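Listed here are the chains, written in short residue letters.
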Amino acid sequence: MYYAIISEDVEDSLHKRKSVRAKHLTRLNNLADQDRLLIAGPHPAVDSDDPGDAGFSGSLIVAEFDSLEQAQAWANADPYVGAGVYKEVSVKPFKKVLP
């Protein structure tokens, strides 16, 4: 089943994001290589594809896991969590309807 991992950044998270971004992307690429990643990306803090110094306000990942517990454990192990990028992370079951 798919699970949505919805994260909200702390204030001024850009420097923290940059410090562990490569590790964060490696984990996402691993999911993609296993055909388990539906979508992933950050929420720009301003209405722009390239928010510059404004940074990001959070992230969304939708990926396939065997259980809610497995998805939560994966989310908890994210390098962004360890680096203090996120102030809140929620994991919810996700049912893909379209397309």
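Bear in mind that the values here come from a model prediction, so they are computed numbers and not experimental data.

1. Examining the pattern of salt bridges
This structure, assessed with the given rule, holds two salt bridges. When the shortest N-O distance is used, the salt bridge between Glu8 and Lys87 registers 3.4 Å. Of this pair, Glu8 sits in strand 1 (residues 2-9) while Lys87 is found in strand 4 (residues 86-94), placing the two residues 79 residues apart along the sequence. Note on Glu8: relative accessible area 36%, which makes it partly exposed. Look at Lys87 and you get exposed, because its relative accessible area is 53%. Asp9 serves as the salt-bridge partner of Arg17, at 2.7 Å between the closest nitrogen and oxygen. Classification of Arg17 as buried rests on a relative accessible area of 5%. You can call Asp9 buried: its relative accessible area is 5%.

2. Re the layout of surface pockets
Estimates place the volume of the largest pocket at around 230 Å³. Forming the boundary of the largest pocket are 16 residues, of which Arg17, Arg21, Leu25, Pro42 and Tyr80 lie nearest the centre. Of all the secondary-structure elements, those providing two or more residues to the lining of the largest pocket are helix 1 (14-33), strand 2 (37-44) and strand 3 (56-64). The leading source of residues in the lining of the largest pocket is helix 1, at seven residues. Its residues placed into classes, the lining of the largest pocket shows 10 nonpolar, three polar and three charged. The space that makes up the second largest pocket amounts to roughly 150 Å³. The wall of the second largest pocket is formed by 14 residues, among which Val10, Glu11, Asp12, Ser13 and Phe56 lie closest to the centre. Elements represented by at least two residues in the lining of the second largest pocket include exactly strand 1 and strand 3. Grouping the amino acids of the lining of the second largest pocket by side-chain chemistry returns five nonpolar, three polar and six charged.

Quick notes on the rules
- Residues numbered from 1 in each chain as written.
- Predicted model: local features only at pLDDT ≥ 70, side-chain atom pairs only at ≥ 80, totals over all residues.
- Heavy atoms only, no water.
- Salt bridge = Lys/Arg side-chain N within 4 Å of Asp/Glu carboxyl O.
- Helix = DSSP H or I, 4+ residues; strand = E, 2+ residues; numbered from the N terminus.
- Buried < 20%, exposed > 50% of the residue type's maximum accessible area, 1.4 Å probe, protein only.
- 1 Å grid on protein atoms, 1.4 Å probe; cavity = no way out; pocket = protein on both sides within 12 Å on 5 of 7 lines; lining within 4 Å.
- Points joined across faces, edges and corners; volume = space filled by probe spheres on them.
- Nonpolar A, V, L, I, M, F, W, Y, C, P; charged D, E, K, R; others polar.

That's the geometry; what it means functionally is another story.
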